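Residues per chain, in single letters:
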Amino acid sequence: MKKILLLTVTICLLIACSSGDTSNGNGDNFDRTAMLTNWADNIIIPSYTAYQAKVQVLLTAVATFNTAPTETNLQVVRSSWTEAYKAYQKTSQFYFGKAMEIHYNEKANTYPTDIVSINSNISSGSYDLELLSQYSKQGFPAIDYLINGLGATDANIVSFYTTNTNAANYKKYLTELTTQLKSNIDLVVTNWNTSYRTSYIASNGNSVSSSVNITTNLFVKNLEKYIRSGKIGIPAGVFSSGALFPEKVEGLYHKTISKELLTVALQAEQDFFNGKHFNSTATGPSLQSYLDYVKAVRSGQNLSTIINNQFTAIFTANTNLSTNLSAQISSDNSKMISSYDAIQQNVVYIKLDMMQALNITLDYVDSDGD
Amino acid sequence: MNSSITKYLNTYSSAATLAFFRLAFGIMMFFSLIRFALNGWIEKFYITPQFHFTYYGFGWVKPIGNYTYLLFIICALAAIFVAIGYKYKLAILTFFLSFTYIELIEKTTYLNHYYFITLVSFVLLFLPANCYFSVDAHQKHSLTFEKIPRWNIDILKVLLAIVYIYAGLAKINSDWLFEAMPLKIWLPANSNLPIVGSFFNQNWLQYAFSWIGMIYDLTIVFLLINKRTRYFAFALVVIFHVLTRILFPIGVFPFVMIISTLVFFESNFHSTVLKWISNKLNFTAVYFENNKEKTPEYSFLYKSKILFLSCFLAFQIVFPFRYLLYPKELFWTEEGFRFSWRVMLMEKAGYAEFTVTDALTKKEIKINNSLFLTSFQEKQMSFQPDFILEYAHYLHDYYQQQGINNPEVRVESYVALNGRLSQKFIDPEINLANIHDSFQHKTWILPFNDTIDGL
């Protein structure tokens, strides 16, 4: 009798004590550390660093333009802006750590940009770009306006930096917006290169706050909110009962960059999914190999294949889109809707099927199950 | 009255068993309430949400804001009073009412073992669990009895038997037995456990666990009843529940089941435990052994009680089968899924995006669920039809107040079940604001397009 009692009490104590952190530390045998290392060293840090270099080029081009505001120098600014904007698209999904802390995405890419306030910022010359209210007056969309939207021709645009009474303020604003981009990416890169990389990789468990969980959640969110809704859904009227907003596309003033930005962002998502190294064909441990590791087979096919096939379907749907999404919305919005639907299907595959297969929680509270 | 029934009702058993159960139950409930509070769940589940999912017919149970803490304190105190058997009838009634009220506030937190606790505390209301080893009996020796009619103990065994056997029956389905689903999804998540971990990725182990789980649930009660297999059975109980506790986030349930199955032991075990406790706490419990039998008078009241509890048990046996009255796949529609001991039975997740349309202007709004629901609520809502409907009505009411004309609510939803690719779940054309929940079959759930055979 005593023995049973003792045994029971001991076991219950054991259970009670083990009840703490069920979701921390344990997980499948998949080498999460290797995956996190691949993500950090071969994708995240190289993407940030490449973008940092492009912003530096932009900063130099702006400086040159400010010294000699010519049409040729404007075109150099424009092409470096394009390159930097594309490089940025490859970083927006890593919205955690320092990036989140400094509101990296909101500061770099809030669109549509607020041209009325931009103009008043320029004429008053006083503003604080750190303020939440200023997010829609800075970043790539604001620079887009300053280098593409001020006039109909390059000569017109250049005149704002030469003959305009406020020319000095225009130059100053352009420089400050670019400097702001630069200082933000500098903060992020420095943080990754000093302490953050180590702690990021060390957090290899599967709790809600682990690196795999956070990164994957933001990978999903980037596809759903920033790509699906932001780049297509909102301007194409999906969220406004068909009322179209062609003026809400990304890169509005440049006109022909919006589709390219969409393509780059989608490709970055797919490459991240497949663990493809930045600027290389090599691949490493990834969500795709993780899915294959847990033998996620759906309808007789690997779930990873289903997701990659759907990326292909998205790119196929996108071939029907004009390089100018704003014009596409005005001429034939149904093609935008087709692209939206194709992306939506992959949101479901990734947010629902993939997360379920990998047992990754969509950031919600831990609670008991049955 | 049939003679064998009369004979059974006049069989006596030691009150120590029931007293042991009362003590154990009270203590376990006290600690599980403390654990719930320490996890911060009172706030997360009952105070933070601006909207609560309620059970059909229980919409009148309202959240009580910060008073929820008070409710938990009352409930925990009642559990202590139950444990020590002080003002027992009042204590167990308070516990039953407060615990059940907490559960009824929010459907999102539904767990089978909470339902089990509600049922056990309801039954305990009718049992003389304070006639032995209790403060009540200590204060009033006329209340003390060493023997009580054995049905008072057997009814608890029947409740446990129902849980196990129905959980076992539910596992007799093609997904569980022939696809090893959902264990095939769940087990690999534990494969870095020492020693056994590496096996969790292996198919044979996933199948073995599925079949063993089913056989365990179906047979364990019989092994516990049989004197010769009892120790072996209890060892199995311990191994099984410890394993489920390690593998799955199922909170206090394994603990409750291990302790509860001790009720199957002979009464001398229970009196030994109680004696051991009284020795440790330095008081003598000898006077409880007064050899008195609690002989019932077959009054109208007593007979009504027996009849009522019999009906209650009959209901418990029939109720889980109500799903047979519904067409379509139970796992897909979940019509008759809850309150049926379908424990850890399927892996289901969903994705639901709602659209509210102004009936006059046709203006549409896509709903951001996180504005209205906590992420836990959103997770549970997105794959359960009754949640989806209740939420749709909440959206309808909210947007009507916002000045939208006769808001129409539609949902684009996908559900993935037991390792199948996700598919459309609810008819996206249906205006859910026009649908009212009932016990009728929900025709607006799209077909499952697959079959799961079995009970």
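Residues numbered from 1 in each chain as written. Chains lettered and ligands numbered in written order. Predicted model: local features only at pLDDT ≥ 70, side-chain atom pairs only at ≥ 80, totals over all residues. Heavy atoms only, no water.

**Here's the deal with the overall build of chain A**
From N to C terminus, chain A includes 15 helices and 2 strands. When its C-alpha atoms are laid out on the principal axes, chain A stretches across 100 × 45 × 40 Å. Looking at chain A as a whole, 56% of its 370 residues qualify as buried. Taking the contacts inside chain A whose residues are at least 6 apart along the sequence as the reference set, 76% of them involve residues at least 24 apart. Taken as a whole, chain A presents about 14,000 Å² of accessible surface, with 57% of it coming from carbon and sulfur. Charged side chains in chain A number 26 positive and 29 negative. The centres of these two groups are separated by 2 Å. (Helix = DSSP H or I, 4+ residues; strand = E, 2+ residues; numbered from the N terminus. Buried < 20%, exposed > 50% of the residue type's maximum accessible area, 1.4 Å probe, protein only. Contact = heavy atoms within 4.5 Å. Areas by Shrake-Rupley, 256 points an atom, 1.4 Å probe, with all protein chains shown as cover. Lys, Arg positive; Asp, Glu negative; His and termini not counted. Charge placed at Lys NZ, Arg CZ, Asp CG, Glu CD.)

**Let's talk about the domain arrangement of chain A**
Residue and element names in this part refer to chain A. Domain annotation of chain A identifies domain 1 (27-203) and domain 2 (205-361). Just the C-alpha atoms count here: the centres of domain 1 and domain 2 sit 22 Å apart. Listed by partner, the interface residues are 40 residues for domain 1 and 43 residues for domain 2. Summing the contributions of domain 1 and of domain 2, the shared interface buries around 3,600 Å²; its carbon and sulfur component is 64%. Its largest share of buried area at the contact with domain 2, domain 1 owes to Trp39, Gln93 and Tyr111, together 19% of the area lost on that side. Counting every contact that joins domain 1 to domain 2 gives 1 salt bridge. The salt bridge involving Glu260 is made with Lys86; its shortest N-O contact spans 2.8 Å. Every element with two or more residues in the side of domain 1 that touches domain 2 is listed here: helix H2 (32-67), helix H3 (71-89), helix H5 (104-109), helix H7 (139-149) and helix H9 (167-202). No other element matches the 11 residues that H2 contributes to the side of domain 1 that touches domain 2. Residues of the side of domain 1 that touches domain 2, tallied by class, amount to 18 nonpolar, 16 polar and 6 charged. (Domains from an automatic or database assignment. Buried area = accessible area lost by both parts, 1.4 Å probe. Salt bridge = Lys/Arg side-chain N within 4 Å of Asp/Glu carboxyl O. Nonpolar A, V, L, I, M, F, W, Y, C, P; charged D, E, K, R; others polar.)

**Description of the domain arrangement of chain B**
Residues and elements named next belong to chain B. As far as domains go, chain B holds domain 1 (10-129), domain 2 (150-264 + 296-346) and domain 3 (349-455). Computed over C-alpha atoms only, the centres of domain 1 and domain 3 are separated by 32 Å. The interface of domain 1 with domain 3 comprises 13 residues on the first partner and 16 residues on the second. When the two sides are added together, the surface that domain 1 and domain 3 hide from each other amounts to roughly 1,300 Å², 64% of it contributed by carbon and sulfur. The three residues of domain 1 that bury the most area against domain 3 are Phe51, Phe53 and Tyr56, which together make up 48% of that side's buried surface. One can count 2 salt bridges joining domain 1 with domain 3. There are 6 residue pairs in polar contact (both at pLDDT 80 or more) connecting domain 1 and domain 3. In the side of domain 1 that touches domain 3, the residues fall into 5 nonpolar, 5 polar and 3 charged. (Polar contact = N/O pair within 3.5 Å; in protein donor to acceptor, adjacent residues only side chain to side chain.)

**What to know about the sheet that holds strand E6 (residues 423-424) of chain B**
Residue and element names in this part refer to chain B. Reading across the sheet, the 4 strands line up as E4-E3-E5-E6 and stay open at both edges, with antiparallel pairing between neighbours. Of all the strands in the sheet, the pair left with one neighbour each is strand E4 (364-366) and E6. With 3 bridges joining them, strand E3 (residues 348-357) and E4 adopt antiparallel strand pairing. Residue Val356 lies in a different strand from E4, and its bridge partner there is Ile365. (Pairing = 2+ DSSP bridges.)

**Points about the packing of H3(A) against helix H11 (residues 258-274) of chain A**
Relative orientation and spacing of two packed helices are given, respectively, by the angle between their axes and the distance between those axes. All names here are of chain A. Across the interface, H3 lies against H11 with an axial gap of 8 Å and an inter-helix angle of 35°. Seen from above, H3 lies across H11 with right-handed handedness. Each of Tyr85, Lys86 and Gln89 in H3 lies in contact with H11, whose residues at this interface are Glu260, Leu261, Val264, Ala265 and Ala268. Among the residues making up the contact of H3 with H11, the classes are represented as 5 nonpolar, 1 polar and 2 charged. (Axes fitted to C-alpha atoms, helices over the stretch in contact; angles between N-to-C directions. Left-handed = near helix turned anticlockwise from the far one by under 90°.)

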